[in-house]
Amino acid sequence: MDKNFQEEFTQIIKFEPPLYKQRHQFVKDLVEKYKPKKVADLGCADCSLLWMLKFCSCIEVLAGLDICADVMKEKMHRLSPLPVDYLQPSERSLTVTLHHGSVAHKDPCMLGFDLVTCIELIEHLEESELKKFPEVVFGFMAPSIVVISTPNSEFNSLLPRVMLYRHPDHKFEWSQAQFQSWALETARCYDYSVEFTGVGHPPTGMEKVGFCTQIGVFFRKYPQTGESVQSEEPMEGVYKTVFKAVYPSLKDEKYLQNAVISEVIFTAQIIKYRLMSKREEYGDDPERKSKFQPSGMDCFSDCLGKLVVEKNMEPFISGNEVYIPLTTIFSFPKVNRLCGTFEKLCKLIAGKVTLSSDGSAVMLSIEHENEEN
Ligand code: SAH
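Residues numbered from 1 in each chain as written. Predicted model: local features only at pLDDT ≥ 70, side-chain atom pairs only at ≥ 80, totals over all residues. Heavy atoms only, no water.

The name given to the chain in an unreviewed UniProt entry is Small RNA 2'-O-methyltransferase, with the source organism recorded as Urocynchramus pylzowi. On record in UniProt, under Catalytic activity (unreviewed entry), the comment for the chain is "small RNA 3'-end nucleotide + S-adenosyl-L-methionine = small RNA 3'-end 2'-O-methylnucleotide + S-adenosyl-L-homocysteine + H(+)". As stated in UniProt under Cofactor (unreviewed entry), the record for the chain gives "Mg(2+)". (UniProt positions renumbered as here; feature names shortened; annotations may be inferred.)

Quick look at the structure:
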């Protein structure tokens, strides 16, 4: 490499977005592509990658592991659910757990993951830990995909102020050939394939140097059989759980019930409001009255995206009450999707919403409407 050319670059190489963000975005893209449900981040440090991943809707279980509890605790509160998560529980379930421990040790809490990420971790491992790492991650955890990123030492000459290593805690930094030979051997031992890529492009004309951060994406070649998972001897956990958050989810019956009750009342009130407006429009003229019954439904079926309306599902007014059949309410997509079956709808609202004596319709009083007018 031309020395002058090299020196010129050491002054100007600056990644935009910053390299750590590019690494995290790489993982996020991978998650969006392969849609893993359970993801573990080893050497999660201040949990910034985990925080980014909690917004990926395919993920139901997120776990972090680090040998330094203090660094995890710094910002772990950001992994807690927010008030909005309680106001509008998500359809997916999500549990986030942080463990204190070493990747050199096996713990059963790390079993069953689909994706394991090790971003800028291996270069922090002591020789003895690095030796145990493949057996723990590929042999024991054996997820479908493992992502390992590590500095590419060949790029260091282009970085300003890097003398030996990029960080004082790095125990080594590998060239592309060193990383690739370690990764290929590890993949071969544990029946994985590996693809090499990276983030942080080298400057034009210096492509040989490779990416600033080199990345290996490992794919398990054969599916894990239930047998091999279960054949593990029951073993004691060695990690210490330092954080656990279970997000409110509609998969939890108590949140589902609240959501269904709110949606049923909201839907019934809109139907009542429309019905009352029609009644005002057509007055009590018996000939025109029918217009605010069956056909009157069409105008709001659009705005709520109502499913097929059958004649016998029509709401009606009797005395001071508006009767909205549950079958009508069930035909609204949001209620339908939340409950799944009509029986479930009935079960969830039983005793929580005022129903007609035969239990077939939601009853709303028209009194308040008149008082307001
Ligand atoms: N993954 C983070 C940063 C990694 S820095 C990111 O993407 O930004 C490396 C982290 O690995 C540090 O937080 C360090 O405490 C942790 N670490 C070092 N040795 C470890 C070990 N044996 N087991 C688990 N974590 C370890």
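Chemist: Residues and numbers for the packing of aromatic side chains, please.
Modeler: Going through the model one piece at a time under the given rule, you end up with 14 aromatic pairs. Chaining the aromatic ring pairs together yields one cluster made of Phe133, Phe172, Trp174, Phe179, Trp182 and Phe196. Over the ring of tryptophan 51 we find arginine 78; its NZ or CZ atom is 4.5 Å from the centre of that ring. (Phe/Tyr/Trp six-rings, centres within 6.5 Å; stacked < 30°, edge-to-face > 60°. Lys NZ or Arg CZ within 6 Å of the ring centre and 35° of its normal.)

Chemist: Help me get a handle on the nonpolar core, residues and values and all.
Modeler: Formed by 42 residues in total, the largest nonpolar core has its most connected members in Val31, Leu53, Ile59, Leu98, Val147, Phe155 and Phe243. Residue assignment for this core shows that the elements contributing at least two residues are helix 2 (19–34), helix 3 (48–53), strand 3 (95–100), strand 4 (115–119), strand 5 (145–151), strand 7 (213–220) and strand 8 (240–246). Take this core: its biggest share by element is 5 residues, from helix 2. Apart from residues no more than four positions distant in its own chain, phenylalanine 243 is found in contact with Met76, Leu79, Ser80, Val96, Thr97 and Leu98. Of all hydrophobic cores here, the second largest spans 31 residues; its members include Cys118, Phe133, Phe138 and Ala142. (Core = buried A, V, L, I, M, F, W, Y, C linked by side-chain atoms within 4.5 Å. Buried < 20%, exposed > 50% of the residue type's maximum accessible area, 1.4 Å probe, protein only. Helix = DSSP H or I, 4+ residues; strand = E, 2+ residues; numbered from the N terminus. Contact = heavy atoms within 4.5 Å.)

Chemist: Which residues make up the sheet that holds strand 11 (residues 361–365), and what are the values?
Modeler: Taking strand neighbours across the sheet as the criterion, the 3 strands line up as 9-10-11 in an open arrangement whose pairing is antiparallel. Strand pairing shows two members of the sheet lacking a second neighbour, strand 9 (316–318) and strand 11, which therefore form its edges. Direction aside, neighbouring strands of the sheet carry axes that sit 30° apart on average. In terms of strand pairing, strand 10 (residues 321–325) meets strand 11 through 5 bridges, oriented antiparallel. Bridge pairing in strand 11 links tyrosine 323 to methionine 363. (Pairing = 2+ DSSP bridges. Axes fitted to C-alpha atoms, helices over the stretch in contact; angles between N-to-C directions.)

Chemist: Before we move on, can you summarise the sheet that holds strand 7 with the specific residues and values?
Modeler: With mixed pairing, the 8 strands of this open sheet are ordered in space as 6-7-5-4-1-2-3-8. Only two strands of the sheet have a single partner each, and these edge strands are strand 6 (192–199) and strand 8. Taking the axes of each pair of neighbouring strands and ignoring which way they run, one obtains an average angle of 15° across the sheet. In this sheet, strand 3 lies alongside strand 2 (residues 61–66) in parallel orientation, the contact comprising 6 bridges. Note that in strand 3 the partner of aspartate 66 across the bridge is histidine 100. Contacts from helix 6 (residues 127–141) reach strand 1 (38–42), strand 4, strand 5, strand 6 and strand 7 within the one sheet, and its direction differs from that of strand 5 by about 160°.

Chemist: Can you tell me about the site of the ligand, naming the residues and giving the values?
Modeler: In the vicinity of the ligand, 15 residues are found, and the nearest of them are His24, Gly43, Asp66, Val103 and Ile119. A distance of 2.9 Å is found between an oxygen atom of the ligand and a side-chain nitrogen or oxygen belonging to histidine 24. Between the ligand and the protein, one listed contact pairs an oxygen atom with a side-chain N or O atom of aspartate 66 at 2.6 Å. Protein burial of the ligand: of its 570 Å² of free accessible surface, 86% is covered by the chains. Its residues placed into classes, the shell around the ligand shows 7 nonpolar, 5 polar and 3 charged. (Near = heavy atom within 4 Å. Polar contact = N/O pair within 3.5 Å; in protein donor to acceptor, adjacent residues only side chain to side chain. Areas by Shrake-Rupley, 256 points an atom, 1.4 Å probe, with all protein chains shown as cover. Nonpolar A, V, L, I, M, F, W, Y, C, P; charged D, E, K, R; others polar.)

Chemist: Talk me through helix 2; I want residue IDs and the actual numbers.
Modeler: With 16 residues, helix 2 extends 23 Å from end C-alpha to end C-alpha; this agrees with the ideal 22 Å at 1.5 Å per step. Every buried residue of helix 2 is accounted for by Leu19, Gln22, Arg23, His24, Phe26, Val27, Leu30 and Val31. Close packing links the buried residues of helix 2 with helix 3, strand 4, strand 5, strand 6 and strand 7. (Expected span 1.5 Å × (residues − 1).)

Chemist: So what's going on with the side chain of serine 331? Which residues, and what values?
Modeler: Looking at where serine 331 falls in the secondary structure, it is placed in the loop between helix 12 (326–330) and helix 13 (333–339). The buried category is assigned to serine 331, whose relative accessible area is 5%. Within the local environment of serine 331, its side chain forms a polar contact with the backbone oxygen of threonine 328, the two atoms lying 2.5 Å apart.

Chemist: If you had to explain the pattern of salt bridges to someone new, which residues and values would you point to?
Modeler: Considering all chains together, one arrives at 12 salt bridges under this definition. One salt bridge in this structure joins glutamate 91 and arginine 337, with 3.0 Å as the shortest N-O distance. Placement of glutamate 91 in the loop between helix 5 (83–87) and strand 3 and of arginine 337 in helix 13 is noted, with a sequence separation of 246 residues between them. What makes arginine 337 exposed here is its relative accessible area of 53%. As a salt-bridge pair, lysine 171 and aspartate 169 come within 3.0 Å of each other at their nearest N and O atoms. Here lysine 171 falls in the partly exposed class, since its relative accessible area comes to 33%. A relative accessible area of 35% means that aspartate 169 is categorised as partly exposed. Through salt bridges with shared partners, a single ionic network connects Glu253, Lys344 and Lys347. (Salt bridge = Lys/Arg side-chain N within 4 Å of Asp/Glu carboxyl O.)

Chemist: How would you summarise helix 7 (residues 176–189) if you had to cite specific residues and measurements?
Modeler: In this model, helix 7 (14 residues) spans 20 Å end to end at C-alpha, consistent with the 20 Å of a helix rising 1.5 Å per residue. Residues Phe179, Trp182, Ala183, Thr186 and Ala187 constitute the buried set of helix 7. Taken down its axis, helix 7 places every buried residue within 130° of arc, on the same side. Those residues of helix 7 that are exposed and aimed more than 90 degrees away from the buried face are Ala177 and Arg188. Looking at the buried residues of helix 7, the elements they touch are helix 6, strand 5, strand 6 and strand 7. Looking at the residues trailing helix 7, positive phi occurs at aspartate 191, about 60°. (Arc of directions from axis to C-beta.)

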